[in-house]
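Close look at the chain arrangement
So you can see what is in the structure, the chains are spelled out below.
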Number of protein chains: 2
Amino acid sequence: MSTPARAELHTLSPAECWALLASREIGRVAWSGPAGPTVLPVNYGIAEDAVWIRTSAYAALVREADESPVAFEVDDVDPAAHAAWSVLVRGTAHVRFPDDRGPTPPEVETWPAGPRPLWVVVVPSEITGRRLPPVED
Amino acid sequence: MSTPARAELHTLSPAECWALLASREIGRVAWSGPAGPTVLPVNYGIAEDAVWIRTSAYAALVREADESPVAFEVDDVDPAAHAAWSVLVRGTAHVRFPDDRGPTPPEVETWPAGPRPLWVVVVPSEITGRRLPPVED
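Description of the structure in this document. (Residues numbered from 1 in each chain as written. Chains lettered and ligands numbered in written order. Predicted model: local features only at pLDDT ≥ 70, side-chain atom pairs only at ≥ 80, totals over all residues. Heavy atoms only, no water.)

Mapping chain A onto chain B is achieved by rotating through 180° and translating by 0.0 Å along the same axis, at an RMSD of 0.0 Å. Each copy turns onto its partner about a two-fold axis. Here 100% of the interface residues in chain A have copies in chain B that are interface residues too; the copies meet face to matching face. (Least-squares fit on C-alpha atoms with pLDDT ≥ 70 in both. Contact = heavy atoms within 4.5 Å.)

Here you go:
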C-alpha cells in the first residue's frame, strides 16, 4: 500500500480569517441546547465586525442560543487535492428583532422559502483558522 | 429588484441520512469545551452504526469531549443552484486508544501530516437531515 504525501496544517492570521469569512454566504453555527450540541448550515453576512445570521422566529437557534456562547464555522474542502481551510469564530449570540435599533444589517439572501425576519448576531471573542495546502505531486 | 424563486426545506429519512453520511470523508464535529462550542472539520468513516473520527493524541477533541455529548455534521452546498443538504448526528463521544479492544475501525485516510492513532467514536442517539432542492427556473 503506497502512502500518499501529506501536507502540514498551517495557522491562518486573523486578517486571513476575516477575508475568508467575507468570501462565503453559507456557514455553520453551533450551540449547546437541551439536546446537546447542534450544528446547522445558515446564510450569513458580515457587518460591524460580527457575523449576521438570518433566521426565522421559530428557529431553535433563536430559542436556545440568545445571549449564549456559540461557534460559527466556514470551510472549503477539495477532496481531489486533499486540501482544505476552515475558519472558526467563537463568540456570543444576540437575537435582533426587526424593530430593534442598532447597526444596519448586511445584505443577506436566504435560500429556503419562508420569512427570515430575525437576525442572530455573533459577536466574536476569538477568530482562528487553519489551512491544509494541496499535496505536491 | 426581482425576487428569485425559493424552495422549501425537506426532511430526510434516517436511511437517507445514513446514505449521505457514508458518501463523504470530511465532516464537522462540534462539542462544548471550556472556551464554549467548537466546530472543526475532520476525516471520518462509518462502522458499527457509529461515526469514527481519526485524530491525534493531543487534540482538543480528545481532551474535552470524551464521554460527552457531541454533534457531527455533514453537508453539501451548491451556491449556483441555491441547493444544499445537511445531516446532523447527535450522540456521545468515546475516545478509543490503539490498544483498546472492540469493533474493527473503518478505513479512514487522514489528510494532514502527522500521526492520528486515536479514534473518537460518536455513537448516535439521533440522526436528522434536511434538503433544500435546486430552485426551478
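Let's pick the thread back up.
What follows concerns unusual backbone geometry. Backbone geometry places Glu48 of chain A, a non-glycine residue, at a positive phi of 55°. Judged by relative accessible area, Glu48 of chain A falls into the exposed class, the value being 60%. Of note, the phi angle at Asp49 of chain B is positive, near 60°, even though the residue is not glycine. Tracing the chain through its elements places Asp49 of chain B in the loop between strand E3 (36-47) and strand E4 (50-55). (Buried < 20%, exposed > 50% of the residue type's maximum accessible area, 1.4 Å probe, protein only. Helix = DSSP H or I, 4+ residues; strand = E, 2+ residues; numbered from the N terminus.)

This next bit is on helix H1 (residues 14-22) of chain A. Residue and element names in this part refer to chain A. Turning to H1, its buried residues are Cys17, Leu20 and Leu21. Seen from one end, H1 has its buried residues packed into an arc of 105°, which puts them on one side. Seen from the open side of H1, the exposed residues pointing more than 90 degrees away from its buried face are Ala15 and Ala22. Looking at the buried residues of H1, the elements they touch are strand E3 (36-47), strand E4 (50-55), strand E5 (69-78), strand E6 (83-96) and strand E7 (118-132). (Arc of directions from axis to C-beta.)

Another aspect to go through is the interface of chain A and chain B. At the junction of the two partners, chain A supplies 40 residues and chain B supplies 41 residues. Across the chain A/chain B interface, buried area totals approximately 3,400 Å², and carbon plus sulfur atoms make up 61% of it. Considering only the surface of chain A that becomes buried against chain B, Arg6, Pro37 and Trp111 of chain A emerge as the three largest contributors, covering 22% of it. The tally of links from chain A across to chain B stands at 4 salt bridges. Across the contact surface, chain A and chain B share 18 residue pairs in polar contact (both at pLDDT 80 or more). Counting only elements with at least two residues in the side of chain A that touches chain B, the list comes to strand E2 (26-33), E3, E5, E6 and E7 of chain A. It is E5 of chain A that provides the largest number of residues to the side of chain A that touches chain B, a total of 7 residues. (Buried area = accessible area lost by both parts, 1.4 Å probe. Salt bridge = Lys/Arg side-chain N within 4 Å of Asp/Glu carboxyl O. Polar contact = N/O pair within 3.5 Å; in protein donor to acceptor, adjacent residues only side chain to side chain.)

Right, let's get into the pairing of E3 of chain B. All names here are of chain B. Most of E3 sits inside the fold, with 10 of its 12 residues counted as buried. Relative to E3, strand E2 (residues 26-33) is paired through 8 bridges, and the arrangement is antiparallel. The residue of E3 that forms the bridge with Arg28 is Pro41. Between E2 and E3, which follow one another and run antiparallel, lie 2 residues. (Pairing = 2+ DSSP bridges.)

To continue, consider the side chain of Asn43 of chain A. Residue and element names in this part refer to chain A. Within the secondary structure layout, Asn43 lies in strand E3. In this structure the side chain of Asn43 is engaged in a polar contact, spanning 3.4 Å, whose partner is the backbone oxygen of Glu109. At 3.0 Å, the side chain of Asn43 forms a polar contact with the backbone nitrogen of Trp111. Ignoring sequence-local partners within four residues, the contact set of Asn43 consists of Glu25, Ile26, Trp52, Ile53, Arg54, Val108, Glu109, Thr110, Trp111 and Pro112.

Moving on: the side chain of Ser86 of chain B. Examined against the element boundaries, Ser86 of chain B turns out to sit in strand E6 (residues 83-96). Judged by its relative accessible area of 5%, Ser86 of chain B falls in the buried class. Ignoring sequence-local partners within four residues, the contact set of Ser86 of chain B consists of Pro41 of chain A together with Leu12, Glu73, Val74, Asp75, Thr128, Gly129 and Arg130 of chain B.

All names here are of chain B. Tracing the backbone shows Pro105 in the loop between E6 and strand E7 (118-132). A C-alpha to C-alpha distance of 19 Å links Pro105 and Arg28, two positions 77 residues apart in sequence. Those residues in contact with Pro105 that lie beyond four places of it in its chain are Trp52, Arg96 and Trp119.

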